[in-house]
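Fold and contact review
Here are the chains, one letter per residue:
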Amino acid sequence: MTEPALPLGLLKDLLAWWRKTRTRGFIIGGLAVSLRADPRVTRDVDAVIVLDKKRWHAFLEKGTEFHFYPRIPEPLDFAERNRIFLLHHERSKIDLDLSVAGVSFEIEALQRAKKVRIGRLQVPVATAEDLIVLKAVARRHIDWADIEKLLAYGEDLDIAYIRKQVDQLAQMLEAPEIYEELDRRLVEFTKTRRPKKT
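Residues numbered from 1 in each chain as written. Predicted model: local features only at pLDDT ≥ 70, side-chain atom pairs only at ≥ 80, totals over all residues. Heavy atoms only, no water.

1. Some thoughts on the pairing of strand S7 (residues 121-125)
Looking down a regular strand, the side chains alternate between one sheet face and the other. To be explicit about the condition: For two strands to count as paired, DSSP must find a minimum of two bridges between them. Working definition: helices are DSSP H or I runs of at least four residues, strands are E runs of at least two. Numbering for both runs from the N terminus.
With five bridges connecting them, strand S6 (residues 114-118) and S7 associate as antiparallel partners. Directly across from Lys115, in S7, lies its bridge partner Pro124.

2. Here's the deal with the side chain of Ser34
Rules: A contact between two residues is defined here by any heavy atoms of the two lying within 4.5 Å.
Residue position: Ser34 is located in helix H2 (residues 29-36). In contact with Ser34, not counting residues within four places along its chain, are Leu6, Pro39 and Arg40.

3. Side note on the pattern of salt bridges
So the rule is basically this: Any Lys or Arg side-chain nitrogen found within 4 Å of a carboxyl oxygen on Asp or Glu counts as a salt bridge. Only protein chains enter the accessibility calculation, which uses a 1.4 Å probe. A residue is then buried if its area is under 20% of the maximum for its type, exposed if over 50%, and partly exposed in between.
For the structure on display, the rule yields 18 salt bridges. With its nearest N and O atoms 2.7 Å apart, the salt bridge here joins Asp143 to Arg140. Judged by relative accessible area, which is 1%, Asp143 ranks as buried. For Glu181, the salt bridge goes to Arg184, with nearest N and O atoms at 2.7 Å. Residue Glu181 and its partner Arg184 are located together in helix H9 (residues 176-192), separated by three residues, close to a single helical turn. The exposure class assigned to Arg184 is partly exposed, which follows from its relative accessible area of 37%. Bridged by salt links that share partners, the residues Arg40, Lys135, Arg140, Asp143 and Asp146 form one connected network.

4. Observations regarding the nonpolar core
Heads up, the rule is: Buried Ala, Val, Leu, Ile, Met, Phe, Trp, Tyr and Cys residues that are joined via side-chain atoms within 4.5 Å together make up what is termed a nonpolar core.
In terms of nonpolar packing, the biggest core is built from 61 residues, with Leu14, Trp17, Trp18, Ile27, Phe85, Leu96 and Leu98 touching the most fellow members. Beyond its immediate chain neighbours, meaning those up to four positions away, Leu98 contacts Trp17, Trp18, Ala47, Val48, Ile49, Phe59, Arg83, Ile84, Phe85 and Leu87.

5. Some details on the packing of aromatic side chains
Heads up, the condition is: Here is the rule: rings of Phe, Tyr and Trp (six-membered ring for Trp) pair when centre to centre is within 6.5 Å. Planes less than 30 degrees apart are stacked, more than 60 are edge-to-face, and the remainder are tilted.
Summed over the entire model, instances satisfying the criterion amount to four aromatic pairs. Ring centres of Trp17 and Phe68 lie 4.9 Å apart, and the angle between their planes is 25°; this geometry places the pair in the stacked category. Placement of the pair is Trp17 in helix H1 (residues 11-20) and Phe68 in strand S3 (residues 68-70), with a sequence separation of 51 residues. Arranged with centres 6.3 Å apart and planes meeting at 35°, the rings of Phe59 and Phe85 form a pair that is tilted.

6. Focus on helix H5 (residues 104-112)
Test applied: To obtain the arc, one takes the directions from the helix axis to the C-beta atoms.
Of all the positions in H5, only Phe105, Glu106, Ala109 and Leu110 are classed as buried. All buried residues of H5 lie within an arc of 145° about the axis, which places them on one face of the element. Across from the buried face of H5, at angles greater than 90 degrees, the exposed residues are Ser104 and Gln111. In this fold, the buried residues of H5 make contact with strand S1 (24-28), strand S2 (45-50), strand S5 (94-100), helix H6 (128-138) and helix H8 (159-172).

7. Some words on unusual backbone geometry
The backbone phi angle of Glu74 is positive, close to 55°, even though this residue is not glycine. Exposure remark for Glu74: the relative accessible area of 53% places this residue in the exposed category. With a phi close to 55°, Glu174 is a non-glycine residue in the positive phi region. With respect to the helices, strands and loops of the structure, Glu174 is situated in the loop between H8 and H9.

As structure tokens, this is what we get:
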């Protein structure tokens, strides 16, 4: 079976945009899962940046030099409400959902991100643990499928870290069911995982 094509065409311009504006960011979402585990079908790119609100306008304007344009009218107003820029990379025809870090976990996840070599690029990608945390909070069907993929692929995952971060975020969101669902899946995974051969 051939592996699905990944939306890599915007990464060179994305990294160049970040360098030009001295913006720190990292890749999350389906592309990150594909780079950390087995590739899966995904057509867009999700990323997180740390960016002071005063710089939002100038940052978006500079993005046009690297072929990134808003997908919606009034992108700054939308970002004010949702802390995300909905963009399209004209050169590759790939959509980019660019979140602005708003909680300490996202900033810490940036510090923990590891670079993955893609061709000549060194792309900062969220760790498997942080991807699991983000996907547990998002909790769509595809997110739980991605969590199972990351759990199955990971050899030395820091489960205690995952539990702690999801518990804290669930409390902040006043949604204890987030942690409860993750806990159930972690317990099931622990029961079914075969011990490694020595």
